[in-house]
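# Summary of structural features
Here are the chains, one letter per residue:
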Amino acid sequence: MARTNTDLKGIVRAVDEYTVQPWGLYMARPTPGRAQFHYLESWLLPTLRLRTTVFHFNPGHVRDQDFYLDVGQFTPSDAVWHAEDHYLDLVLRTGTGVELADVDELLTAVRHRLLSPEAAEQAVHTAVSTMDGLARNDYDLDRWLAGHGITLTWRDIS
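These notes cover the structure that comes with them. None of the values given here were measured: they were computed from a predicted structure.

The next thing to look at is the side chain of T126. Within the secondary structure, T126 is located in helix α2 (residues 117-136). Setting aside chain neighbours within four positions, we find T126 in contact with L48, R49, L50 and V71.

Below, the structure written as structure tokens:
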């Protein structure tokens, strides 16, 4: 396995860890050159159409969030997983609330035909159902995911 991650701009980065579970793919990697954070961990959750990320922020850049959830299409395979961002994001503060972000990006993507209206509609449904599920579980990601048979693990990174 190459143990790399290629971002939307085609930049290939080394990955410290990949873990495959029946519900998704975990990835942990450093983020060289990023002022805001030095490390990230993500789970791709295809059945929920979500990427759940923990950013390990640098001093002075810490944000009031526990998890960042990207809405999209995540396609597993044996060798290469593909991720298609559908522009809507959710910012989760455990026990406090969830915020919908980047609606403007979704609308711009549809207007410029970067995303089909059908994919945008699915993204809105995914975001709304995720927000509803989190609200019904007191904004506790682990509790909501347990209802889907999903248990996420994270590294202890300081």
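Here the focus is the nonpolar core. L45, L141, L145 and L152 are the most contacted members of the largest nonpolar core, which totals 29 residues. Those elements giving two or more residues to this core turn out to be β4 (24-30), β5 (37-45), β6 (50-57), β7 (67-75), β8 (82-93), α1 (103-111), α2 and α3 (141-146). No other element matches the five residues that α2 contributes to this core. By size, the runner-up hydrophobic cluster in this structure holds eight residues, among which are V15, Y18, M27 and F74.

The next subject is the pattern of salt bridges. The final tally for this structure, using the stated rule, is five salt bridges. The shortest N-O distance in the salt bridge between D70 and R51 comes to 3.5 Å. With D70 in strand β7 and R51 in strand β6, the pair connects residues that are 19 residues apart, well separated along the chain. With respect to class, D70 is no different from R51; both count as buried. Note that D132 and R136 form a salt bridge whose closest N and O atoms lie 2.8 Å from each other. Of the two residues, D132 and R136 are both situated in helix α2; the distance of four residues between them amounts to about one turn of the helix. For R136, a relative accessible area of 65% puts it in the exposed group.

About the criteria used
- Residues numbered from 1 in each chain as written.
- Predicted model: local features only at pLDDT ≥ 70, side-chain atom pairs only at ≥ 80, totals over all residues.
- Heavy atoms only, no water.
- Helix = DSSP H or I, 4+ residues; strand = E, 2+ residues; numbered from the N terminus.
- Contact = heavy atoms within 4.5 Å.
- Core = buried A, V, L, I, M, F, W, Y, C linked by side-chain atoms within 4.5 Å.
- Buried < 20%, exposed > 50% of the residue type's maximum accessible area, 1.4 Å probe, protein only.
- Salt bridge = Lys/Arg side-chain N within 4 Å of Asp/Glu carboxyl O.

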